[in-house]
Amino acid sequence: MSHDDFPTDDPAVVTCGLPYANGDLHIGHLRTYVGGDVYRRALERLGQETAFVSGSDMHGTPVAVNAEQEGVSPEQFALDWHEQYAATFPKFNVEFDNYGHTHDETNTELTQELVRDLDEAGHLYEKEIMVAYDPVDDQYLPDRYVEGTCPYCGAHARGDECDEGCQRHLEPGEVEDPESTITGNPAEYRERTHKFFDVSEFSEYLSGFLDRLEGTSNARNQPREWIEQGLQDWCITRDMDWGIDYPGDDGEQDLVLYVWVDAPIEYISSTKQYSERVGADAFDWEAAWKEGASDAHPEGGEIVHVIGRDIIQHHTIFWPAMLEATDHTEPRAVMASGFVTLGGKGFSTSRDRAVWADEYLDEGFHPDPLRYYLATNGGFQQDVDFSWEKFRDRVNTELVGTVGNFLYRSLLFAHRNYDDAPIAEATSDEVDERIEEAIADFEAAVNDYSVRAVGDAVTDLARFGNEYIQRSEPWKLVDDDPEEAAQVIHDCVAIAKAIAVLFEPVAPEKCERLWDQLGEDGSVHEATVEAAREGPAGDLAEPTELFEQIEDERVEALNEKLESRVADTEDGEGGDGDESEDEPADEGATDDSGDTDDMTDIEPLSDDRISFDDFQELDIRIGRIEDAEGIEGADDLLKLRVDLGAETRTIVAGLKQLHDVDDLPGTKVVVLANMEKAELFGVESNGMVLAAGEEADLLTTYEDAGPGTKVK
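Residues numbered from 1 in each chain as written. Predicted model: local features only at pLDDT ≥ 70, side-chain atom pairs only at ≥ 80, totals over all residues. Heavy atoms only, no water.

Draft legend 1. Just the overall build of the protein chain, in detail. Scanning the protein chain from N- to C-terminus turns up 20 helices and 26 strands. A compact globule built from 712 residues would reach a C-alpha radius of gyration of about 27 Å, and the protein chain, at 27 Å, matches this within 12%. For the protein chain, the spread of C-alpha atoms along the three principal axes comes to 90 × 75 × 55 Å. Put simply, the protein chain has 712 residues, and 58% of those count as buried. For the protein chain, the computed accessible surface area is about 29700 Å², with 42% contributed by carbon and sulfur atoms. For the protein chain, the distance from the average site of its 54 positive side-chain charges to the average site of its 166 negative ones is 6 Å. (Helix = DSSP H or I, 4+ residues; strand = E, 2+ residues; numbered from the N terminus. Rg over C-alpha atoms; globule rule 2.2 N^0.38 Å. Buried < 20%, exposed > 50% of the residue type's maximum accessible area, 1.4 Å probe, protein only. Areas by Shrake-Rupley, 256 points an atom, 1.4 Å probe, with all protein chains shown as cover. Lys, Arg positive; Asp, Glu negative; His and termini not counted. Charge placed at Lys NZ, Arg CZ, Asp CG, Glu CD.)

Draft legend 2. Local environment of the pattern of salt bridges. Applying the stated criterion across every chain, the model contains 40 salt bridges. Of the charged contacts in the structure, one is a salt bridge between Glu363 and Arg554, with a shortest N-O distance of 3.8 Å. Taken together, the residues Glu363 in the loop between helix 10 (357-362) and helix 11 (367-376) and Arg554 in helix 19 (residues 552-572) connect sequence positions 191 residues apart. Linking Glu363 and Lys561 is a salt bridge whose minimum nitrogen-to-oxygen distance equals 2.7 Å. Residue Glu363 is located in the loop between helix 10 and helix 11, and its partner Lys561 is located in helix 19; the two are separated by 198 residues in the primary sequence. Linked by salt bridges that have partners in common, Asp37, Arg40, Arg41, Glu44, Arg45, Glu95, Arg371 and Glu504 make up one network. (Salt bridge = Lys/Arg side-chain N within 4 Å of Asp/Glu carboxyl O.)

Draft legend 3. Quick peek at the pairing of strand 2 (residues 50-56). Taking burial as the measure, the seven residues of strand 2 include seven buried ones, the bulk of the element. Where burial is concerned, the two faces of strand 2 agree: the one with Thr50, Phe52, Ser54 and Ser56 and the one with Ala51, Val53 and Gly55 are both buried. Bridge count for strand 1 (residues 12-16) against strand 2 is four bridges, and the pairing is parallel. Residue pairing for strand 2: Val13 is matched across the bridge by Ala51. Handedness of the crossover is the feature at issue here: the chain leaves strand 1, passes through helix 1 (residues 27-45), returns alongside strand 2, and the resulting connection is right-handed. Relative to strand 3 (residues 98-101), strand 2 is paired through four bridges, and the arrangement is parallel. By the bridge assignment, Ser56 is partnered in strand 3 with His101. (Pairing = 2+ DSSP bridges. Right-handed = clockwise from strand over helix to strand, strands pointing away.)

Draft legend 4. Focus on the environment of Asp521. As for its position among the elements, Asp521 is in the loop between helix 17 (508-518) and helix 18 (529-533). The class of Asp521 is exposed, set by a relative accessible area of 70%. With 16 residues separating them along the chain, Asp521 and Ala537 place their C-alpha atoms 8.9 Å apart.

Draft legend 5. Local environment of the sheet that holds strand 11 (residues 234-235). Spatially, 5-4-9-11 is the arrangement adopted by the four strands of the open sheet, whose pairing is antiparallel. The strands lining the two open edges of the sheet, one partner per strand, are strand 5 (139-140) and strand 11. Sheet topology places strand 4 (residues 124-134) next to strand 9 (residues 188-197); ten bridges connect them, and they run antiparallel. Within the sheet, the bridge partner assigned to Glu128 lies in strand 9 and is Thr193.

Draft legend 6. Main features of the nonpolar core. Among the nonpolar cores identified, the biggest contains 121 residues, and Tyr39, Phe386, Phe391, Ile499 and Phe503 are the most heavily contacted of them. Among the elements that line this core, the one with the most residues is helix 16 (residues 482-502), at 13 residues. Apart from residues lying up to four places away in sequence, Ile499 is in contact with Val403, Phe406, Leu407, Val458, Leu461, Ala462, Glu504, Cys511 and Leu514. Counting residues in each nonpolar core, the second largest holds 53 residues, with Val53, Val199, Tyr258 and Ala321 among its members. (Core = buried A, V, L, I, M, F, W, Y, C linked by side-chain atoms within 4.5 Å. Contact = heavy atoms within 4.5 Å.)

Draft legend 7. Looking closely at the sheet that holds strand 20 (residues 648-653). Reading across from one edge, 20-19-18-21-24 is the order of the five strands in this open sheet, with antiparallel pairing throughout. Whereas interior strands pair on both sides, the edge strands pair on one side only; in this sheet they are strand 20 and strand 24 (688-689).

Draft legend 8. Here's a closer look at the packing of aromatic side chains. The tally for this structure, following the rule as stated, stands at 29 aromatic pairs. Arranged with centres 6.4 Å apart and planes meeting at 55 degrees, the rings of Phe197 and Trp234 form a pair that is tilted. Linking Phe197 in strand 9 with Trp234 in strand 11, this pair joins segments that are 37 residues apart in sequence. Overall, the relative accessible area of 0% leaves Trp234 in the buried class. (Phe/Tyr/Trp six-rings, centres within 6.5 Å; stacked < 30°, edge-to-face > 60°.)

Draft legend 9. Structural view of the environment of Val669. With respect to the helices and strands, Val669 occurs in strand 21 (residues 668-672). Remark: the alpha-carbon pair of Val669 and Arg394, spanning 275 residues in sequence, is separated by 21 Å. Not counting the four nearest positions on each side in its chain, Val669 is found in contact with Arg621, Ile622, Gly623, Ile625, Val642, Val689, Leu698 and Leu699.

Draft legend 10. Region of the structure containing a negative patch on the surface. A cluster of acidic side chains, namely Glu389, Glu551, Glu553, Glu556, Glu560 and Glu563, defines a negative patch on the protein surface. Counting through the fold element by element, Glu389 comes out in helix 12 (residues 388-417). (Patch = residues over 30% accessible without salt bridge, like charges linked within 9 Å, V, L, I, M, F, W, Y side chains within 5 Å.)

Draft legend 11. Geometry of the environment of Ala282. Tracing the chain through its elements places Ala282 in the loop between helix 7 (259-278) and helix 8 (285-289). Residues Ala282 and Val671 lie 389 residues apart in sequence; the distance between their C-alpha atoms is 54 Å.

Draft legend 12. Representation of the side chain of Glu147 in the model. In this fold, Glu147 is placed in strand 6 (residues 146-149). Here Glu147 sits buried without a salt bridge, and the closest side chain of opposite charge, Arg158, lies 7.3 Å off (N-O distance).

Draft legend 13. Examining helix 11 more closely. Most of helix 11 sits inside the fold, with ten of its ten residues counted as buried. Among the residues of helix 11, those classed as buried are Pro367, Asp368, Pro369, Leu370, Arg371, Tyr372, Tyr373, Leu374, Ala375 and Thr376. Taken from the residues just after helix 11, Gly378 is the one with a positive phi, measuring 95 degrees.

Draft legend 14. Looking closely at helix 13 (residues 429-447). Here helix 13 is 19 residues long and its end C-alpha atoms lie 27 Å apart, about the 27 Å a rise of 1.5 Å per residue gives. What helix 13 keeps buried is the set Val431, Arg434, Ile435, Ala438, Ile439, Phe442, Ala445, Val446 and Asn447. Here the buried face of helix 13 lies against helix 1, helix 14 (451-472), helix 16 and helix 18. Residue Tyr449 follows helix 13 closely and has a positive phi angle near 60 degrees. (Expected span 1.5 Å × (residues − 1).)

Draft legend 15. Region of the structure containing unusual backbone geometry. For the peptide bond that leads from Phe6 to Pro7, omega is 5 degrees, which places it in the cis range. The backbone phi angle of His3 is positive, close to 65 degrees, even though this residue is not glycine. Mapped onto the secondary structure, His3 falls in the segment before strand 1. Taking the relative accessible area as the measure of exposure, His3 reaches 28% and is therefore partly exposed. Here Glu473, not a glycine, exhibits a phi torsion of approximately 50 degrees, which is positive. Since its relative accessible area comes to 26%, Glu473 is described here as partly exposed.

Dropping the structure here:
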């Protein structure tokens, strides 16, 4: 691993968190996988050698429980879902180089080998612990078979995670007042011997690792609190028979490895399977994953994990400790995405309040507009709200009105007025410089781990293209100055070719079609940014419009269908309108579902009232963040320069660990302007930026109110 700017000479592996083989995929799940696919395609456009891998997480108690309910084996149950996922991802142009699963032979062998290495290195030990036991049903209760109270914050918790409260990983025996999720019986704790990994011995290493780690800021900052609180050793075995057997277990205890041991090892296994299929000359998995395995890559490859934010702890504490202990390559970057909500509400699978992956396609929509929406609607670590109205607006305004409009009008004019791409001696200096600027923005986006900025680099270039063709008016020049007209159209086709290359990561299928319209040789999927600099060369085909307008009537029909479906589901449950959320369906490598109804407990409304006169005394204004930077010595605070129309102020805000700092400039916010001044870490704060909830969801405007506008 180099930490040099991409592209580097070392092989890169981009992984996506493993979907848990336990239910249908909806567009909330897709955000992580689309983000990972966009990022690896962008790396390849830079010329980076890259493998893109993932797989289905097959193990854990929910699979075992649901399989029993359906009367099939856990393996068959999980394989059915695995096969569905493997078929669904390509439909959204998410194309893994290898998509395996955790129960296959490769992962079983590698997992047991790595665990033996941990044992031989002295990092595993036995310990007597208290395990939940159902005395009525006479069985031990691992992980998700148990619910109770979190010992740290008092919230309702699952057996291995305080999912409704502090989000901490919980070890067996920690949950208070345990109950069996199978029978509802009160559980008791009994002593059992289990295997532990001495994660606490890696505290100093992990602190240094987080200093080196790239990616989204939440992945770097969130784990520091856990280290500062003191790491606990990690129980890596469970009392059940579905999973990978602990190596060397005599079978008397029926111990299997905890799902979070074998799940991330699938990243390595899937890369190995890819190498075995294409050959080590094409991609060497050992050079990427093993330190010292290759003389050409002594420090290993560039490992980038793309995950949901709810599994940061596993990827920045447990997993790198395992890798360090066994001489594997540590991750270079972790990109942790926010959740997806639906029309301002959490997805609810039990109430069918979701836009399912297959449903989106069945409605006749192309996958690339959804990829664009998920990739570019907010910073990667921020939550994204999906509604059919917002989707329509982004498609109609940006894809149809900006990108599609420029491409169609330019190529249609060129095709009608020239036999092929009009050949000038070279692209004009102005356009050449603008294409270079777009390439620089694209390269910066990759090295900033910003999939949104990858898309923005292209839409900004298309905006320039629209302005350039409108300003130049080639339709007037054709007769008056044909040489200048040819230059303008040559420039426009050059911009179109650059768009095809740079937009391929976001809209791969549409860009392949554009590439064909440009008459270029080969595939746009194999073109690098150098092709964006070359200018047009092919014979132009008659263009067709790449993106379709979404009509208001279509959105109304989709909303009615969704509302009717939710109502039918709630009627089937008694129609009481209860908004309590489903229990998370997985125990494995991801819970990126965006099922967010239960993410926070809503505080009751205050009975204390203020007068209208008191409200009038609040000077609340719209502001726009001009720039943002961290404050030395402050883990949570940022110094913001905020344009309030009449003046620009410095405001200190606790956003550092909750927002991507680089994404904040340009964001419109709501500011309490007459907040008394305060000095924080030596910086005078002159106002307060308003935000909602523990995740600091920034308040903003729906339409076009400018800086300084008063909120009334």
